[in-house]
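The lines below spell out each chain.
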Amino acid sequence: MVTSGNGKYFSSLSSRLYKGIDFVPVRELADLLEARTYYNDLAKKIVVYLGNHKVKVTALNPFIMIDNAFFQMPISTDFDENGIWVPLNYFIDLISVYSPIPISYNTDTHTLSLVKERVNILAVNVEEKVNGTLIRIATLRKFDLPNLAVRLSQGWMYVDIYGGRIDSTRLRSNRSVGIIRKLVPIQFEESAQLSFHLKKPVEKEDISISSSSNEILVSVRTSKKIPDNMIIDLEQERKKWLIDKIIIDPGHGGKDPGTIGYGRLKEKDVVLDVGKRLKKLLQKKLHVDVLMTRDSDRFVELRERSAFANRNGGKLFVSIHANAVKNNYSRSAKGVETYCLGLARTESDRAIAEKENSVIKYEDSWSETYANFSDENYILLAMAQNSFNQESHELAAAVQKELPRALNTKNRGVKQSNLIVLIGTSMPKILVEVGFISNPSEAKKLRTKKYRQKVAEKIFAGIKTFKESSERAVLGSLNGSR
Ligand SMILES: [Zn+2]
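What you are looking at is a predicted structure, and each value in this text was computed from that prediction instead of being measured. The written sequence of each chain sets the order in which its residues are numbered from 1. This being a predicted model, a pLDDT of at least 70 is required before a residue's local features are given, and a value of 80 or more before pairs of side-chain atoms are given or counted; all residues contribute to the totals for chains, interfaces and linings. Water and hydrogen atoms were dropped before computing side-chain values, which therefore reflect all heavy atoms in the structure.

A. How the structure looks around the overall build of the protein. Runs of H or I in DSSP of at least four residues are treated as helices and runs of E of at least two as strands, each being numbered from the N terminus. Regarding its fold elements, the protein presents 13 helices and 27 strands. Of the contacts made within the protein by residues no fewer than 6 positions apart, 66% connect residues no fewer than 24 positions apart. Here the open area of atoms and residues is found with the Shrake-Rupley method and a 1.4 Å probe, where only the protein chains shown may cover a residue. As presented, the protein carries roughly 23900 Å² of accessible surface, and 50% of it is formed by carbon and sulfur atoms. Here, two residues are considered to be in contact whenever any of their heavy atoms come within 4.5 Å of each other.

B. Broad picture of the sheet that holds strand S11 (residues 83-87). Following DSSP output, two strands are said to pair if at least two bridges run between them. With antiparallel pairing, 4 strands are arranged side by side in an open sheet as S3-S4-S11-S10. What marks the edges here is a single partner per strand, and that holds for strand S3 (16-18) and strand S10 (78-80). Strand after strand, the sheet turns through a mean of 35° between neighbouring axes, direction not considered. Pairing analysis gives 3 bridges linking S10 to S11, with the strands arranged antiparallel. What sits directly across from Asp 80, in S11, is Gly 83. An axis is simply a line fitted to the C-alpha atoms; with a helix, the fit covers only the stretch in contact. Between two such axes, the angle follows the N-to-C directions and lies from 0 to 180 degrees.

C. Seen up close, the sheet that holds strand S18 (residues 180-187). Strand order across the open sheet formed by 4 strands is S16-S17-S19-S18, with antiparallel pairing between neighbours. Edge positions in the open sheet fall to strand S16 (148-153) and S18, since each of these has one partner strand only. Here the strands of the sheet are splayed against their neighbours by 20° on average, with no regard to which way each runs.

D. Local environment of the coordination of the zinc ion. Here a donor is any nitrogen, oxygen or sulfur atom (N, O, S) within 2.8 Å of the metal, with 3.2 Å used for Na, K and Ca; water is not among the atoms considered, so some sites may look incomplete. For the zinc ion, the protein coordination sphere consists of His 252 (NE2), Glu 267 (OE), His 321 (ND1), Glu 356 (OE) and Glu 356 (OE), at 2.0 to 2.6 Å. Sequence spacing of the donors to the zinc ion: H-x14-E-x53-H-x34-E. Of this pair, His 252 sits in the loop between strand S22 (245-250) and helix H5 (267-286) while Glu 356 sits in helix H7 (residues 347-357); the two residues are 104 residues apart in sequence, bridging distant segments of the chain.

E. Molecular detail of the pairing of strand S7 (residues 53-58). Relative to S7, strand S6 (residues 45-50) runs antiparallel, the two being bridged by 6 bridges. Bridging across to S7, Val 47 finds its partner in Lys 56. If you look at the hairpin formed by S6 and S7, you'll find 2 residues sitting between the two strands, and Gly 51 has a positive phi there, around 60°. Pairing between S7 and strand S8 (residues 63-66): 3 bridges, direction antiparallel. The residue of S8 that forms the bridge with Lys 56 is Met 65.

F. A look at the pattern of salt bridges. Every case where a carboxyl oxygen of Asp or Glu lies within 4 Å of a side-chain nitrogen of Lys or Arg is listed as a salt bridge. Applying the stated criterion across every chain yields a total of 24 salt bridges. A salt bridge links Glu 215 to Arg 136; the nearest nitrogen and oxygen atoms lie 2.9 Å apart. Here Glu 215 is found in strand S21 (residues 215-221), whereas its partner Arg 136 is found in strand S15 (residues 132-139), with 79 residues between them in sequence. By relative accessible area, Arg 136 is classed as partly exposed at 27%. When the shortest N-O distance is used, the salt bridge between Asp 144 and Lys 142 registers 3.1 Å. Remark: exposure states derive from per-residue accessible area (1.4 Å probe, protein chains only) relative to the maximum for the residue type, with buried under 20%, exposed over 50%, and partly exposed in between.

G. The nonpolar core, seen in detail. Grouping buried Ala, Val, Leu, Ile, Met, Phe, Trp, Tyr and Cys residues that are joined through side-chain atoms within 4.5 Å yields what is termed a nonpolar core. Grouped together as the largest cluster of nonpolar side chains are 41 residues, with contacts concentrated most on Leu 278, Leu 282, Val 455, Ile 459 and Ile 463. When residues in this core are grouped by element, the largest group, 8 residues, is from H5. In this view, Ile 459 contacts Val 274, Leu 278, Val 318, Val 399, Leu 403, Val 432 and Val 434; residues no more than four positions away in its chain are not counted.

The quantities given are spatial measurements derived from coordinates; they are silent on function.
This is the structure we're talking about:
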């Protein structure tokens with residue numbers, strides 16, 4: 001039996017004891033914590049919006065994702081028709097620091113304690129400003145944005161505060177200020193609603209909401225004039241998203257030849273030349289800054305490649321490599337493929353990581369630096385800490401769409417693998433394998449300037465497509481907010 005105490009108020013949660021550990025349904029626990037949830041029935045995952053934090057729980061899985069980090073519980077979650085069940089003590093250990101409502105669990109007495117405030121919304125003040133009306137809602141704690149909602153309907157603006165508790169008689173007001181005619185507050189079971197009667201219609205996009213530890217601000221813009229300093233901010237925001245600096249990373253170099261293919265063709269030479277050609281195209285046709293991790297036959301450590309990209313503020317990272325198979329029976333293997341960072345799904349994806357990561361044997365003191373790199377959790381963590389996974393896949397798809405047909409070779413697709421050179425790079429990043437130099441006919445082609453130029457042109461075309469579509473998306477949304 002799990003009980004929760006809240007001063008004089010006690011309620012019990014469904015619970016079951018398994019191996020001496022209390023399990024409870026996530027959804028019931030979330031209700032108690034006044035946290036919104038989103039349940040994905042197909043993936044059997046539930047997201048709990050705890051304050052400003054996202055807690056993701058998966059059925060029959062010991063991993064909990066909080067924001068972008070993974071945490072592992074000693075035992076897995078359970079699952080039945082009540083949804084996902086969590087081992088209460090481990091789960092509370094993980095989430096208690098994120099919960100806006102103080103919570104703790106006593107394993108001996110099987111008691112969950114939480115402290116809910118009687119009233120946490122103290123006052124509402126409306127101020128008239130040059131551009132519109134500002135509503136300041138004084139609070140006892142921070143209400144994070146996922147717990148706040150604004151709706152417009154029939155001349156009213158409703159501000160819903162999930163977990164909000166008010167003294168509705170005290171907040172009610174007929175004072176008319178700015179665009180607000182009067183305020184009607186209503187306490188619901190799980191949320192407080194502040195209903196503002198408006199003097200004239202407003203647009204949804206003219207309303208913005210923000211919150212701090214002791215205040216929720218709702219601004220309603222009625223004048224379209226934007227102060228100059230805000231326009232400067234938008235310009236800066238635009239610049240941040242522009243893809244104006246591209247890092248090209250020709251693989252291997254110096255004492256590391258990469259793979260050695262048919263007729264002793266070396267990977268390091270092919271990819272350097274393709275990289276230089278790509279640089280010229282990008283500079284000439286897209287007018288962007290292009291930096292290369294190496295522009296001569298020299299050795300560069302893997303971690304220095306990603307560090308170089310980050311240090312120089314790169315907006316895209318394109319690593320160029322060529323493929324090879326070891327045994328003579330597979331001479332017929334051919335084609336192009338583009339890799340993103342991820343867990344290898346097939347044996348050949350794993351082989352790529354082995355091949356491209358093997359560079360580290362040339363590096364000094366590599367064993368400490370890369371001790372963990374092959375660990376699956378390490379890769380998951382590296383991916384979770386980086387928000388460019390989606391963009392990287394889009395970039396990879398754009399490049400992969402161009403290459404095979406133009407080169408008249410096999411389309412091996414967009415793949416993922418645990419490639420060290422992509423791990424620390426914080427921008428959209430891909431690794432392109434431009435062909436098999438172990439294949440006699442592909443090696444012969446990759447020896448020629450004409451074919452290398454074509455490879456560079458097609459990588460260029462993919463980058464161009466990606467740049468245009470991603471800038472259009474970002475600039476479009478920024479323009480919309482003007
Ligand atoms: Zn390589």
